[in-house]
Amino acid sequence: VPFVQEVVANSLAVMKYYPQARSAIELGGQDAKVIFFRQNTATGRLEVSEMRMNGSGAGGTGAFIDEIASLLKVAPEEYEALAENGTQLYDISGRCGVYAKTDIQPLINEGATREDHAASIFQAVVNQTISGLACGKPIRGHVAFLGGPLHFLSELKEAFIRTLKLDDEHTIAPLNSHLFA
């Protein structure tokens, strides 16, 4: 079986099954990817216009979320419910676990709730992905959400949908999104 790099595998699967997609966001355990698609006017076929993947560190990934959950002494399976009940978003760095801990510790000392921490961490992941990988290029049109964190953490996916101002028609959430790569 020939080797296919995972970002290429993701893009091929999206192009085959979701030709209406114009962007794909894939969060893994230790990496994050944004893929931009365009319609080739000459052939009418969907093609990749750009692929971006985080280069170093696990900021904005599943490992980052797990690390912060551990800091807050929250089991991973409880984190989703906490985020769902968060009411206040705090500015927390999504670039690195060390930076996030530096932002979180004063919030803990000031009595911020675990629910607000969880919702804020999900928003930090969204902000890191959009600013760190999209780098100002707009993520719009039909957007596919792929990878384990976006599959298993619906509140994380909802934070992306809210931030990108997507409606149901423009949100692509495959049933097997955690297996796309």
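The structure reproduced in this document is the subject of the present report. (Residues numbered from 1 in each chain as written. Predicted model: local features only at pLDDT ≥ 70, side-chain atom pairs only at ≥ 80, totals over all residues. Heavy atoms only, no water.)

### Comments concerning the sheet that holds strand β3 (residues 46–53)
What counts here: A pair of strands is considered paired only if DSSP assigns at least 2 bridges between the two. Strands are runs of DSSP state E lasting at least 2 residues, helices are runs of H or I lasting at least 4, and numbering of each runs from the N terminus.
Spatially, β3-β2-β1-β4-β5 is the arrangement adopted by the 5 strands of the open sheet, whose pairing is mixed. Only two strands of the sheet have a single neighbouring strand rather than two, namely β3 and β5 (171–172). Bridge analysis of strand β1 (residues 21–27) against strand β2 (residues 32–39) gives 5 bridges, and the strand direction is antiparallel. By the bridge assignment, Glu26 is partnered in β2 with Lys33.

### Description of the pattern of salt bridges
Selection rule: Between Lys or Arg on one side and Asp or Glu on the other, a salt bridge is scored when a side-chain nitrogen of the former is within 4 Å of a carboxyl oxygen of the latter. Note on classification: 1.4 Å probe, protein chains only; a residue is buried when its accessible area is under 20% of the maximum for its type, exposed when over 50%, partly exposed between these limits.
Per the stated rule, a full pass over the model turns up 6 salt bridges. With its nearest N and O atoms 3.0 Å apart, the salt bridge here joins Glu6 to Lys33. Here Glu6, found in helix α1 (residues 6–17), pairs with Lys33, found in strand β2; they are 27 residues apart in sequence, far enough to count as distant. Classification of Lys33 by relative accessible area gives buried; the value is 0%. The salt bridge partner of Arg52 is Glu50, with a shortest N-O separation of 2.3 Å. We classify Glu50 as partly exposed; its relative accessible area is 26%.

### Observations regarding helix α7 (residues 154–164)
Along α7, the residues classified as buried are Glu155, Leu156, Lys157, Ala159, Phe160, Ile161 and Leu164. Following α7 by one or two positions, Lys165 has its phi on the positive side, about 55°.

### So, the pairing of strand β4 (residues 142–146)
If a strand is regular, its side chains alternate between the two faces of the sheet. Taking burial as the measure, the 5 residues of β4 include 5 buried ones, the bulk of the element. Both faces of β4 are covered, namely the face carrying His142, Ala144 and Leu146 and the face carrying Val143 and Phe145. Pairing analysis gives 5 bridges linking β1 to β4, with the strands arranged parallel. Across the sheet, Glu26 pairs through a bridge with Leu146, a residue of β4.

### Quick look at the pairing of β2
Most of β2 sits inside the fold, with 6 of its 8 residues counted as buried. The antiparallel hairpin formed by β1 and β2 contains 4 residues in its connecting segment. As paired elements, β2 and β3 share 7 bridges and run antiparallel to each other. What sits directly across from Val34, in β3, is Arg52. Counting the residues that bridge the hairpin from β2 to β3 gives 6 residues, and of these Gly44 lies at a positive phi of roughly 80°.

### A closer look at a negative patch on the surface
Our working definition: Patches here are clusters of residues that have more than 30% relative accessible area and form no salt bridge, with a 9 Å joining cutoff for like charges and a 5 Å cutoff for nonpolar side chains (Val, Leu, Ile, Met, Phe, Trp, Tyr). Each accessible area is a Shrake-Rupley estimate made with a 1.4 Å probe; only the visible protein chains count as cover when residues are assessed. Here Asp and Glu are counted as negative and Lys and Arg as positive; His is not counted, and neither are the chain ends. A single reference atom marks each charge: NZ on Lys, CZ on Arg, CG on Asp, CD on Glu.
On the surface, Glu158, Asp167, Asp168 and Glu169 cluster together to form a negatively charged patch. Tracing the backbone shows Glu158 in helix α7. Take Glu158: its relative accessible area is 34%, and that puts it in the partly exposed class.

### Details of the nonpolar core
The condition that has to hold: Here, the term nonpolar core denotes a set of buried Ala, Val, Leu, Ile, Met, Phe, Trp, Tyr and Cys residues that are joined through side-chain atoms within 4.5 Å. Whether two residues touch is decided by their heavy atoms; if any such pair falls within 4.5 Å, the residues are in contact.
Formed by 38 residues in total, the largest nonpolar core has its most connected members in Ile25, Ile65, Tyr79, Phe145, Leu156 and Phe160. Ranked by the residues each element gives to this core, the list is headed by helix α5 (residues 114–134), at 8 residues. Discounting chain neighbours no more than four positions away, the residues touching Tyr79 are Ile65, Ile68, Ala69, Leu72, Val74, His117, Ala118, Ile121 and Phe122. One finds Val14, Ala21, Ala24 and Ile35 within the second-largest nonpolar core, a separate group that totals 12 residues.

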